[in-house]
Amino acid sequence: MKARWIGRKLSDLGYRLTPQRLMILKAIEDADSHISAEEIYAQVRTRYPQMNISTVYRTLELVKELGLVTETDMGDGRVRYHCM
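Everything numeric here is computed off the predicted structure, so don't read it as measured data.

Calculation notes
Residues numbered from 1 in each chain as written. Predicted model: local features only at pLDDT ≥ 70, side-chain atom pairs only at ≥ 80, totals over all residues. Heavy atoms only, no water. Salt bridge = Lys/Arg side-chain N within 4 Å of Asp/Glu carboxyl O. Helix = DSSP H or I, 4+ residues; strand = E, 2+ residues; numbered from the N terminus. Buried < 20%, exposed > 50% of the residue type's maximum accessible area, 1.4 Å probe, protein only. Pairing = 2+ DSSP bridges. Patch = residues over 30% accessible without salt bridge, like charges linked within 9 Å, V, L, I, M, F, W, Y side chains within 5 Å. Areas by Shrake-Rupley, 256 points an atom, 1.4 Å probe, with all protein chains shown as cover.

Participant: Account for the pattern of salt bridges, naming residues and giving values.
Facilitator: Considering all chains together, one arrives at five salt bridges under this definition. In this structure, the salt-bridge partner of lysine 26 is aspartate 30, at a minimum N-O distance of 2.7 Å. Residue lysine 26 and its partner aspartate 30 are located together in helix H2 (residues 19-30), separated by four residues, close to a single helical turn. Since its relative accessible area comes to 32%, lysine 26 is described here as partly exposed. Connected through salt bridges with shared partners, the residues Glu39, Asp76 and Arg80 form a single ionic network.

Here it is, written out as structure tokens:
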């Protein structure tokens, strides 16, 4: 499972594996195609209502900088993400 692999990689690099981060990674992994931050937020919020969209953006920026997800502009005004 890619989310587990990404989680292990984050842990190996010294990052905390919070429940929020794991839910965000799972949402990316479970997506049939590229997924936007807003779509991730909507999915995670159904299970974790306290989630803040800034947590989604921060997590996406982190895993993108670490090369664990790709970021693609699909031309519709939103950036979308996909597991490597």
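Participant: Quick rundown of the pairing of strand S3 (residues 79-83)? Include the residues and the values.
Facilitator: Where strand S1 (residues 35-36) meets S3, two bridges bridge the pair, whose relative direction is antiparallel. Looking at S3, one finds that serine 36 is bridged to arginine 80. Strand direction decides the pairing type here: strand S2 (residues 69-73) and S3, joined by five bridges, are antiparallel. Pairing of threonine 70 across the sheet is with histidine 82, part of S3. Connecting S2 to the next strand, S3, in antiparallel fashion are five residues, including glycine 75 with a positive phi near 85°.

Participant: Report on a nonpolar patch on the surface, specifying residues and quantitative values.
Facilitator: A surface patch of nonpolar side chains, amounting to about 240 Å² of accessible area, comprises Leu13, Tyr15 and Leu66. In this fold, leucine 66 is placed in the loop between helix H4 (53-65) and S2.

The quantities given are spatial measurements derived from coordinates; they are silent on function.
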